[in-house]
Every structure is written in C-alpha cells, then in structure tokens.
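A structural walkthrough
Spelled out from the first residue to the last, the chains are:
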Amino acid sequence: EADIYQTPRYLVIGTGKKITLECSQTMGHDKMYWYQQDPGMELHLIHYSYGVNSTEKGDLSSESTVSRIRTEHFPLTLESARPSHTSQYLCASSRDPRAEQYFGPGTRLTVT
Amino acid sequence: GNSVTQMEGPVTLSEEAFLTINCTYTATGYPSLFWYVQYPGEGLQLLLKATKADDKGSNKGFEATYRKETTSFHLEKGSVQVSDSAVYFCALTSPGSGGSNYKLTFGKGTLLTVNP
C-alpha cells in the first residue's frame, strides 16, 4: 500500500481566506503531482515537481502555488480562496515520470 | 499530443455479469498503459499496468492487454461484484513533444455500478 497522505480530508472555508493543502509521502519519490478533479470526474494536472526546489505548472491553469523544500512534502497554497476553487484536490508521487503514480486520499475543498 | 479515449458511462451491471470498459489511445513513442480505480470518497489506486506491446496486466480478477496494432487497452472482468462499484480510469505515460517530459494522461473515467 502506498504511503502518501493528505490533510485535511475535507475543508469548508469562506471566500478570501488563505489555505494550504498538505501532501506528504514516505516513499522517497522525487516526482510529485497535484491534480484537480472536477465533479464530472475528469482529472487535470495543475502542478508537478521533479525534485527539491523544482516546481512546474501543469496542463490546467490554476491560481494556486506550490513549494518543494523537502523531498517528502509538497504543499499547495491558495492565497485567496474563491467559490470557483471548490473541487477535489489529489496529490500523487512516483519514482519515475514513466512509472505508475501513487495517489493520496484527496482533499475535498468547498469555498462558500 | 497524447490522448486517451475511454467508454463513457455510467455502466450498470448485475452481480456476476461480464465487464468490458473500452480504452483506446494516441501517443508518441512507446507508452506505458494503466488502469486506475477510484472508490467513493477515496483517491486513485493503481489496478493494473502494462509496459510493452502484448503485455497483459491483471489484478483482482481484472485484466487488460496492451494491443499496439489497435492502440487499445480494454479492461475486462469475468464476474463483477457489488464491491467493484467505482470509477475506472485508463491512463498512459509517454514522452511529450521533444521526447521528454513524461506525464500521465488520463481518460475521463467510467462510473461502474454493480447491483446485487
């Protein structure tokens, strides 16, 4: 079983608040990813990192930012939450970009 | 670019029925192919994978064969159970433009409901 964790699992927050979604993995993987999953189930890559101090934007433009100061930790931050940010956010990691990715349980974010 | 097209759902079956979820792909180079499953309220789990042509991935009674000639990776199970109710995603990794920057490309997902 993969060891990748996300907190919180559920978050309801008001418009304008700053939030950070946490993601940690204990597998020593260099590659980490953030996906946004819309209600229609489709997954969109919003950020990825191939190692410490390396971050890139994904295929879907997002107002969120990420950081990678430690190998095991890849937090996602929204400076000012809006209702349009309401979604499920999934974190993943892999040992190699060609290999399978291991996913965390997700954070379901609701912005009111 | 890379793309994955999978059968649109929802799919509703009775317990012990045969399952097929079709998946076809377009990719540069030689992709690795995956099926992921997402149970309600959870993240994605790798169900099975195949890394080269004619490979068969299998797990928990599910199977899929990497068919390069038809660019397909259809998921099958001979007898589904209520506990198989979930969303199934077909996916691939392949180099992007310039032969680098591998990413995981997903299909849109197929919702399977199995009734007792």
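Scroll up for the structure.
For chain A, the count of helices and strands is zero helices and 11 strands. Helices (α) and strands (β) of chain A occur, in sequence order from the N terminus, as β-β-β-β-β-β-β-β-β-β-β. For chain A, whose C-alpha radius of gyration is 13 Å, the value lies close to the compact-globule estimate of 13 Å for 112 residues. Taking the principal axes of its C-alpha atoms as reference, chain A extends roughly 35 × 30 × 25 Å. Evaluated residue by residue, chain A yields a buried proportion of 48% over its 112 residues.

Looking now at the sheet that holds strand S8 (residues 62–65) of chain B. Residues and elements named next belong to chain B. With antiparallel pairing, four strands are arranged side by side in an open sheet as S3-S9-S8-S7. Of all the strands in the sheet, the pair left with one neighbour each is strand S3 (19–21) and strand S7 (56–59). Neighbour to neighbour, the strand axes of the sheet diverge by 15° on average, direction disregarded. As paired strands, S3 and strand S9 (residues 75–77) are joined by three bridges and run antiparallel to one another. If you follow Ile21 over to S9, its bridge partner there is Leu75.

Turning next to the state of the cysteines. Residue and element names in this part refer to chain A. One pass over the full model with this rule turns up two disulfides over all chains. One disulfide bridge connects Cys23 with Cys91, the sulfur atoms lying 1.9 Å from each other. Its S-S torsion of about -75° marks the bond between Cys23 and Cys91 as left-handed, since a negative value means left-handed. Of this pair, Cys23 sits in strand S3 (residues 19–25) while Cys91 is found in strand S9 (residues 87–94), placing the two residues 68 residues apart along the sequence. When sorted by exposure, Cys23 lands in the same class as Cys91, which is buried.

A regular strand places its side chains on the two faces of the sheet in alternate fashion. Residue and element names in this part refer to chain B. Residues Thr110, Leu112 and Val114 of strand S12 (residues 110–115) are buried on one face, while the alternating residues Leu111, Thr113 and Asn115, pointing to the opposite face, are not. Bridge count for strand S2 (residues 11–14) against S12 is four bridges, and the pairing is parallel. Note on S12: the bridge partner recorded for Val11 is Leu112. Pairing between strand S10 (residues 86–94) and S12: three bridges, direction antiparallel. When the sheet's bridge partners are listed, Ala86 is paired in S12 with Leu112.

This part is about the interface of chain A and chain B. Tallying the contact residues gives 21 residues for chain A and 22 residues for chain B. Regarding the contact of chain A and chain B, the summed buried area is about 1700 Å², with carbon and sulfur atoms giving 54% of it. In terms of surface lost to chain B, no three residues of chain A exceed Met41, Arg98 and Glu100 of chain A, which account for 31% of the buried area on that side. Run the count over chain A and chain B and you get two salt bridges. Put simply, Glu100 of chain A and Lys49 of chain B hold a salt bridge, and the shortest N to O gap is 2.9 Å. Viewed at the interface, chain B and chain A are joined by seven residue pairs in polar contact (both at pLDDT 80 or more). Those elements giving two or more residues to the side of chain A that touches chain B turn out to be strand S4 (31–37), strand S5 (43–51) and S9 of chain A. Among the elements that make up the side of chain A that touches chain B, the one with the highest residue count is S5 of chain A (four residues). Of the residues contributing to the side of chain A that touches chain B, the split by class is 11 nonpolar, five polar and five charged.

About the criteria used
- Residues numbered from 1 in each chain as written.
- Chains lettered and ligands numbered in written order.
- Predicted model: local features only at pLDDT ≥ 70, side-chain atom pairs only at ≥ 80, totals over all residues.
- Heavy atoms only, no water.
- Helix = DSSP H or I, 4+ residues; strand = E, 2+ residues; numbered from the N terminus.
- Rg over C-alpha atoms; globule rule 2.2 N^0.38 Å.
- Buried < 20%, exposed > 50% of the residue type's maximum accessible area, 1.4 Å probe, protein only.
- Pairing = 2+ DSSP bridges.
- Axes fitted to C-alpha atoms, helices over the stretch in contact; angles between N-to-C directions.
- Disulfide = S-S within 2.5 Å.
- Contact = heavy atoms within 4.5 Å.
- Buried area = accessible area lost by both parts, 1.4 Å probe.
- Salt bridge = Lys/Arg side-chain N within 4 Å of Asp/Glu carboxyl O.
- Polar contact = N/O pair within 3.5 Å; in protein donor to acceptor, adjacent residues only side chain to side chain.
- Nonpolar A, V, L, I, M, F, W, Y, C, P; charged D, E, K, R; others polar.

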